[in-house]
Amino acid sequence: MGPDDNVCLCFHVPLGKIRAYIKREDPPVASLISECLGAGTGCGWCVPVLKQLHRQHQAGEPMEVRVDPEIYASGRRSYRKTGERPDETASDGRTSS
Ligand code: FES
């Protein structure tokens with residue numbers, strides 16, 4: 001996923017904006033990332049990814065999302081229908097393979 005790809009598809013919040021927010025604000029808890037354009041406050045699909053980015057930042061690691069944007073978006077469609085996360089996307093947003 002690149003900086004222009006949306007992490008929060010409900011509110012169209014791209015990875016680059018979320019990274020900048022986390023670097024600038026250094027939020028103590030991942031839930032505060034919702035202050036960045038409402039990220040994570042819609043369907044909830046992106047919440048594990050927001051938590052992952054927060055964890056990476058806290059650990060001093062690069063904030064990366066290793067999932068293809070198409071797979072991520074189609075996972076959300078299925079999540080919204082079934083309420084379950086598809087097998088190919090782990091809870092931290094990374095692909096399992
Ligand atoms: S994709 Fe972020 S809340 Fe729905």
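Conventions and cut-offs
Residues numbered from 1 in each chain as written. Predicted model: local features only at pLDDT ≥ 70, side-chain atom pairs only at ≥ 80, totals over all residues. Helix = DSSP H or I, 4+ residues; strand = E, 2+ residues; numbered from the N terminus. Buried ≥ 20, exposed ≤ 12 C-beta atoms within 10 Å, placed from the backbone. Core = buried A, V, L, I, M, F, W, Y, C linked by C-beta atoms within 7 Å. Contact = placed C-beta atoms within 7 Å. Expected span 1.5 Å × (residues − 1). Arc of directions from axis to C-beta.

## Section: the overall build of the chain
Then comes step 1: Within the chain, the regular secondary structure consists of three helices and two strands.
Then comes step 2: Across the chain, helices and strands are ordered from the amino to the carboxyl terminus as β-β-α-α-α.
Then comes step 3: A total of 97 residues make up the chain; the buried ones form 28% of that total.

## Some words on the nonpolar core
Then comes step 1: By size, the foremost hydrophobic cluster in this structure holds 19 residues, and its most contacted members are Val7, Ile18, Ile33, Ala39, Cys46 and Leu50.
Then comes step 2: Of all elements in the fold, only strand E1 (6-8), helix H1 (15-25) and helix H2 (47-58) reach the threshold of two or more residues within this core.
Then comes step 3: A per-element tally of this core places H2 first, with four residues.
Then comes step 4: In this structure alanine 39 touches Val7, Cys8, Phe11, Val13, Ile18, Ile33, Ser34, Cys46 and Leu50, once residues within four positions along its chain are discounted.

## Quick word on helix H3 (residues 69-82)
Then comes step 1: In this model, H3 (14 residues) spans 20 Å end to end at C-alpha, consistent with the 20 Å of a helix rising 1.5 Å per residue.
Then comes step 2: Residues Tyr72, Gly75 and Arg76 constitute the buried set of H3. The buried side chains of H3 occupy one side of the element, clustering within an arc of 105° when seen end-on. Residues of H3 that are exposed and angled more than 90 degrees away from the buried face: Glu70, Arg77, Lys81 and Thr82.
Then comes step 3: Glycine 83 sits one or two residues past H3 and shows a positive phi near 80°.

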